[in-house]
Every structure is written in C-alpha cells, then in structure tokens.
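# Fold and contact review
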Amino acid sequence: IMMSPTDRCSKALYLYLRQEHPAPGQHKDSRFDNAERLQVLHRQWKSEAYASHYLGPQGAAFQFDGDIEVRLRQRIASLFPHVPADQILIEHFTRQEARGNADDGDDAPHISHTLTAIFNGTVAHFQQVAGGEVVEHEEPAATSASFSWDPGTGSLSVFCEDREVRAPLAQAFR
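A brief structural summary. Since this is a predicted model, take the numbers as computed values, not measurements.

We now examine the overall build of the chain. In terms of helices and strands, the chain carries four helices and five strands. Counting from the amino terminus, helix and strand elements in the chain follow one another as α-α-β-α-β-β-β-β-α. Across the 174 residues of the chain, 28% fall into the buried class. In the chain, once contacts between residues fewer than 6 apart in sequence are set aside, the share between residues at least 24 apart is 54%.

Rendered as structure tokens:
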C-alpha cells in the first residue's frame, strides 16, 4: 500500500504520474492540471487585468450535476452568441483542505470550487507565407472563463481576459 505523499513536490509528482500514466483500467486523473490551473489563478488573483471579485451568500450548498452544467453552458452561450452551447467545455474541480485548528472545535474541512469554461470565444490573428506572399489569417481560438468560489465566505472570483464580461459571468454562475 502506497502512503499518500506529504510534501508539495511529492504531491505534484504523484498527481502528474497519475495523470500521465494511469493504472490499468483507471481513467486519466486530471488533478495535476487542475492544481496547475489553480496555481495560475492564485497568481492572477490580485490583478484587475485578470480577475474581478464578488461577494455572495455564505454557506450555500453547491452541487455540480449535469443539469447545472447545461444551465451554465446556456448562460455563457447567451453572453457569447457566436459560441454554440454544445461547444463549451466545462470542468469542475473541488479542493478540500483541513483547517488545522481542532482546538476551537471547528475541524470541518475548507472546501473551494473551481469551474473553468473553455470555448472558441476569441480570434487568433497570424501571418503565414503562402506562394511567396504574406497572407493574413483569422481563426477561432479558445478562451476561458474561470470561477473560483468559496462557499464558506461567499466570495466568487471570475477570471477572464475580457473585463467587461466578468460581471455578467458572475451573474451566470449564480
């Protein structure tokens, strides 16, 4: 029986190996990619160029199921009318941490949720040489909107390059 890794480097290696080399008969474990995405969100958290923060109700129960996923896809598609709802990939990651303060009787784990919606919501511009001439190209490109929600405090952080759409995305999340 393998002991659970305890230091952060061992945990990262363990999650990476579980993702890239799953055990026979097991599905690919995406916790490493989710942890990497969460680390990027934490670096961008203070920058207004990447994130906006909102406060909602504390202690709300969160259940992510197929119905919720469909509704969130539809709400995002309504904000980006050129994106079909069925072309929006939504990933949900729940992080659970021990609070570490059993002295005050509050040993309930701290839970946070991260949802990322990835879709072709932007255009990539690039040049290419074809037939001895420079040709301009515009292709649909993937963009993402990420939500980081802490039900204990009610705080919701919305990460999206388009600053103007962050408030409507926060409303779509509710």
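It is worth spelling out the nonpolar core at this point. Formed by 20 residues in total, the largest nonpolar core has its most connected members in Ile-76, Ile-88, Phe-119, Phe-147, Leu-156 and Leu-169. Contributing elements (two or more residues each) for this core: α3 (66-79), β3 (110-130), β4 (133-150), β5 (155-159) and α4 (166-173). Non-local contacts of Ile-76, meaning those with residues more than four positions away in its chain, are made with Ile-88, Ala-117, Phe-119 and Leu-169.

Now for the pattern of salt bridges. This model, assessed by the stated rule, comprises two salt bridges. The closest approach of N and O atoms between Arg-71 and Asp-67, which form a salt bridge, is 3.2 Å. Taken together, the residues Arg-71 and Asp-67, both in helix α3 and four residues apart, mark about one turn of the helix.

Where α3 contacts α4, the two axes come as close as 9 Å, and the packing angle between them is 155°. Of the possible angle classes, the one that applies to α3 and α4 is roughly antiparallel. Taken as a pair, α3 and α4 cross one another with a handedness that is right-handed. Counted together, Leu-72, Arg-75, Ile-76 and Leu-79 of α3 and Pro-168, Leu-169, Gln-171, Ala-172 and Phe-173 of α4 form the full contact between these two elements. Here the residues of the contact of α3 with α4 sort into seven nonpolar, one polar and one charged.

Our next topic: the environment of Pro-140. Along the chain, Pro-140 falls in strand β4. A sequence separation of 17 residues divides Pro-140 from Val-123, and the C-alpha atoms of the two residues are 4.5 Å apart. For Pro-140, the residues in contact, after removing those within four places along its chain, are Asn-120 and Thr-122.

The set of residues buried in α4 consists of Arg-166, Leu-169, Ala-170, Ala-172 and Phe-173. Viewed end-on, α4 has its buried residues packed into an arc of 160°, placing them on one side of the element. At its buried positions, α4 is contacted by β1 (51-55), α3, β3, β4 and β5.

This brings us to the sheet that holds strand β2 (residues 89-97). Within a sheet, adjacent strands bond to each other through the backbone by hydrogen bonds, running parallel or antiparallel. Pairing within the open sheet is antiparallel, and its five strands lie in the order β1-β5-β4-β3-β2. Both outer strands of the open sheet, β1 and β2, are each paired with one neighbouring strand and no more. Averaged over all neighbouring strand pairs, the angle between strand axes comes to 20°, with direction disregarded.

This part is about the side chain of Ser-112. With respect to the helices and strands, the residue Ser-112 is situated in strand β3. Among all residues touching Ser-112, those that are not within four sequence positions of it are Phe-93, Thr-94, Arg-95, Trp-149 and Pro-151.

Here the focus is the packing of aromatic side chains. Under the defined criterion, the tally for this structure stands at three aromatic pairs. Aromatic ring contacts, followed pair by pair, group Phe-147, Trp-149 and Phe-173 into a single cluster.

It is worth spelling out the pairing of β4 at this point. Where β3 and β4 come together, 16 bridges link them in antiparallel fashion. Bridge pairing in β4 places Gln-127 opposite Glu-136. The pairing of β4 with β5 spans five bridges and is classified as antiparallel. The partner of Ser-146 across the bridge, within β5, is Phe-159. In this antiparallel pair of consecutive strands, β4 and β5, the connection spans four residues, and Gly-154 shows a positive phi of 80°.

About the criteria used
- Residues numbered from 1 in each chain as written.
- Predicted model: local features only at pLDDT ≥ 70, side-chain atom pairs only at ≥ 80, totals over all residues.
- Heavy atoms only, no water.
- Helix = DSSP H or I, 4+ residues; strand = E, 2+ residues; numbered from the N terminus.
- Buried < 20%, exposed > 50% of the residue type's maximum accessible area, 1.4 Å probe, protein only.
- Contact = heavy atoms within 4.5 Å.
- Core = buried A, V, L, I, M, F, W, Y, C linked by side-chain atoms within 4.5 Å.
- Salt bridge = Lys/Arg side-chain N within 4 Å of Asp/Glu carboxyl O.
- Axes fitted to C-alpha atoms, helices over the stretch in contact; angles between N-to-C directions.
- Parallel < 35°, antiparallel > 145°, perpendicular 65-115°, else oblique.
- Left-handed = near helix turned anticlockwise from the far one by under 90°.
- Nonpolar A, V, L, I, M, F, W, Y, C, P; charged D, E, K, R; others polar.
- Arc of directions from axis to C-beta.
- Pairing = 2+ DSSP bridges.
- Phe/Tyr/Trp six-rings, centres within 6.5 Å; stacked < 30°, edge-to-face > 60°.

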